[in-house]
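# Summary of structural features
Here's the letter readout for the chains.
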Amino acid sequence: MKRVVVGLSGGVDSSVAAYLLMEQGYEVIGLFMKNWHDEAVTISNECPWLEDSNDALLVAEKLGIPFQTVDLSEQYKERIVDYMFNEYEKGRTPNPDVLCNREIKFDVFMKIALSLGADYVATGHYCRKATIEVDGKEVHQLLAGADGNKDQSYFLCQLSQEQLAKALFPIGELKKPEVREIAAKMELITAEKKDSQGLCFIGKVRLPKFLQQQLQPKEGVIFEVGADAQTYAEATPQFGSVKEQLAFEAKNIDYKPEMGKVVGKHQGAHYYTIGQRKGLNVGGTKEPLFIIATDVETNSIYTGQGQNHPGLFRKALFIQENEIHWVREDLMITDGETMDVMVRIRYRQPLQKARLHKFDNGMYISFEEAQSAITEGQFAAWYHGDELIGSGVIS
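Because the structure is a prediction, the values reported are computed rather than measured.

One open sheet accounts for 4 strands, arranged β9-β8-β11-β10; its pairing is mixed. Two strands lie at the open edges of the sheet, namely β9 (261–266) and β10 (289–295), each paired on one side alone. Strand after strand, the sheet turns through a mean of 30 degrees between neighbouring axes, direction not considered. As defined by bridge partners, strand β8 (residues 220–224) adjoins β9 across 5 bridges and the pair is classed as antiparallel. Within the sheet, the bridge partner assigned to Phe223 lies in β9 and is Val262.

Here it is as structure tokens:
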């Protein structure tokens, strides 16, 4: 009998995952990951980890499976929290959920599971895994979840073949309402529990608040740049090569104060991200202001009116060589090669038609349609059909 360790998070998805594995005849062990110690920063009375671990315990008891809690807060601090601060300080916007899967759930946690004699680790993610043979070798495919509305393959875009080999996603074939239905039928306490809002680890922490305790606030200026600014009207130069053109299309505009007018003040450019609309507290514009650029060096924020402002859109992005990751290593392209794919640059974004262009120093992704708010530090993931084949950090 194969043994599976399920990461029971105290939510409905992982509860049902555990139940389904039992139905399929696995020996199931439930493990709850405790990831965050500092009680001071959680929003009071909003289900901190204690309530979640208690729900996980009750589910395990109901299903009659062994249960234990593992404290991973040390590894979290090193691998996730510190990464977040470093990224924010550099003016990039991190994605802790993607990293959490690569570094914690399918690494630290997986090693604990394997040390308990597990054959597999299962989670409540809405995605699927398939295994095919390529040149006589087993290759694992990471596929979108059957519930198009809930597909979470994007969050697993950094997993490796070794990690996928040991992973199971029992609810990947189901839709969310079906999952809740099973939980209700089994009288699991989590059946009605509402979904948690990402940030895989800090309980329910308000991000800026949690950041403010670590990143020192410093007052800076908010500029508004008109849609008719000179920089958007400049003629496209003649390019000597495709690479030059891609570099041009992927490049961020270097905004200067004289390009805009001062419309307000902020408490630190590193708290803000491209495309963000809320939290600026600048009124009196015809259309809402969107952030088109932040400059952590000068501590300035540049904004534009409306979601169609030209400063929000770019046709291409670049990924540095050491930040390219292929889930399907056998499909990797090399210098000078291209590949047509579908891409998303954030969770839940509909897939976009694009082409990968590989060069010696990294890879460009050029989009058929210009993309809004391409954000440094976030992950771009590329797909063939419903299979996620690779990803990388937008640079």
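Turning our eyes to something else, we now look at the domain arrangement of the chain. With domains assigned, the chain is organised as domain 1 (3–212), domain 2 (220–241 + 251–311) and domain 3 (314–394). For domain 2 and domain 3, the distance between their C-alpha centres works out to 25 Å. Residue-level contacts link 5 residues of domain 2 with 5 residues of domain 3. Roughly 390 Å² of surface becomes buried between domain 2 and domain 3 when both sides are summed, with 42% attributable to carbon and sulfur atoms. Summed over the three residues of domain 2 that lose the most area to domain 3, namely Lys251, Asn252 and Ile274, the buried surface amounts to 77% of that side. Inspection of the region where domain 2 meets domain 3 yields 0 salt bridges. Linking domain 2 with domain 3 are 2 residue pairs in polar contact (both at pLDDT 80 or more). Its residues assigned to classes, the side of domain 2 that touches domain 3 shows 1 nonpolar, 3 polar and 1 charged.

In this section: the pattern of salt bridges. On inspection of all chains with the given rule, the structure shows 22 salt bridges. The partner of Glu27 in a salt bridge is Arg3, and the shortest N-O contact between them spans 3.1 Å. Linking Glu27 in strand β2 (residues 27–34) with Arg3 in strand β1 (residues 3–7), this pair joins segments that are 24 residues apart in sequence. Accessibility expressed as a relative area gives 26% for Arg3, which makes it partly exposed. Linking Asp151 and Arg344 is a salt bridge whose minimum nitrogen-to-oxygen distance equals 3.5 Å.

Per the UniProt record, the feature "binding site: ATP" (unreviewed entry) sits at Gly7, Leu8, Ser9, Gly10, Gly11, Val12, Asp13, Ser14, Met33 and Gly124. Within the fold, Ser14 resides in helix α1 (residues 12–23). Ignoring anything within four residues of it in the chain, the contact list for Ser14 reads Val6, Gly7, Leu8, Ser9 and Gly124. Within polar-contact distance, the side chain of Ser14 engages the backbone nitrogen of Ser9 at 3.1 Å. Mapped onto the secondary structure, Met33 falls in strand β2. What makes Met33 buried here is its relative accessible area of 14%. Apart from the residues within four sequence positions on either side, Met33 is in contact with Val70, Leu72, Ile104, Lys105 and Phe109.

A few words now on helix α2 (residues 49–63). Taking 1.5 Å as the rise per residue, α2 with 15 residues should run 21 Å; its terminal C-alpha atoms sit 21 Å apart, in good agreement. Among the residues of α2, Asp52, Ser53, Asp55, Ala56, Val59, Ala60 and Leu63 are the ones counted as buried. Across the axial projection of α2, the buried residues extend over an arc of 155 degrees, all falling on one side. Turned more than 90 degrees from where α2 packs its buried face, Leu50 and Glu61 sit exposed.

Further remarks concern the layout of surface pockets. There is about 1,000 Å³ of room inside the second largest pocket. Contributing elements (two or more residues each) for the lining of the second largest pocket: α8 (230–233), α9 (242–250), β10 and β12 (313–326). Looking at the lining of the second largest pocket, the element that brings in the most residues is β10, giving 4 residues. Considered class by class, the residues forming the lining of the second largest pocket number 18 nonpolar, 9 polar and 11 charged.

Thresholds applied
Residues numbered from 1 in each chain as written. Predicted model: local features only at pLDDT ≥ 70, side-chain atom pairs only at ≥ 80, totals over all residues. Heavy atoms only, no water. Pairing = 2+ DSSP bridges. Helix = DSSP H or I, 4+ residues; strand = E, 2+ residues; numbered from the N terminus. Axes fitted to C-alpha atoms, helices over the stretch in contact; angles between N-to-C directions. Domains from an automatic or database assignment. Contact = heavy atoms within 4.5 Å. Buried area = accessible area lost by both parts, 1.4 Å probe. Salt bridge = Lys/Arg side-chain N within 4 Å of Asp/Glu carboxyl O. Polar contact = N/O pair within 3.5 Å; in protein donor to acceptor, adjacent residues only side chain to side chain. Nonpolar A, V, L, I, M, F, W, Y, C, P; charged D, E, K, R; others polar. Buried < 20%, exposed > 50% of the residue type's maximum accessible area, 1.4 Å probe, protein only. UniProt positions renumbered as here; feature names shortened; annotations may be inferred. Expected span 1.5 Å × (residues − 1). Arc of directions from axis to C-beta. 1 Å grid on protein atoms, 1.4 Å probe; cavity = no way out; pocket = protein on both sides within 12 Å on 5 of 7 lines; lining within 4 Å. Points joined across faces, edges and corners; volume = space filled by probe spheres on them.

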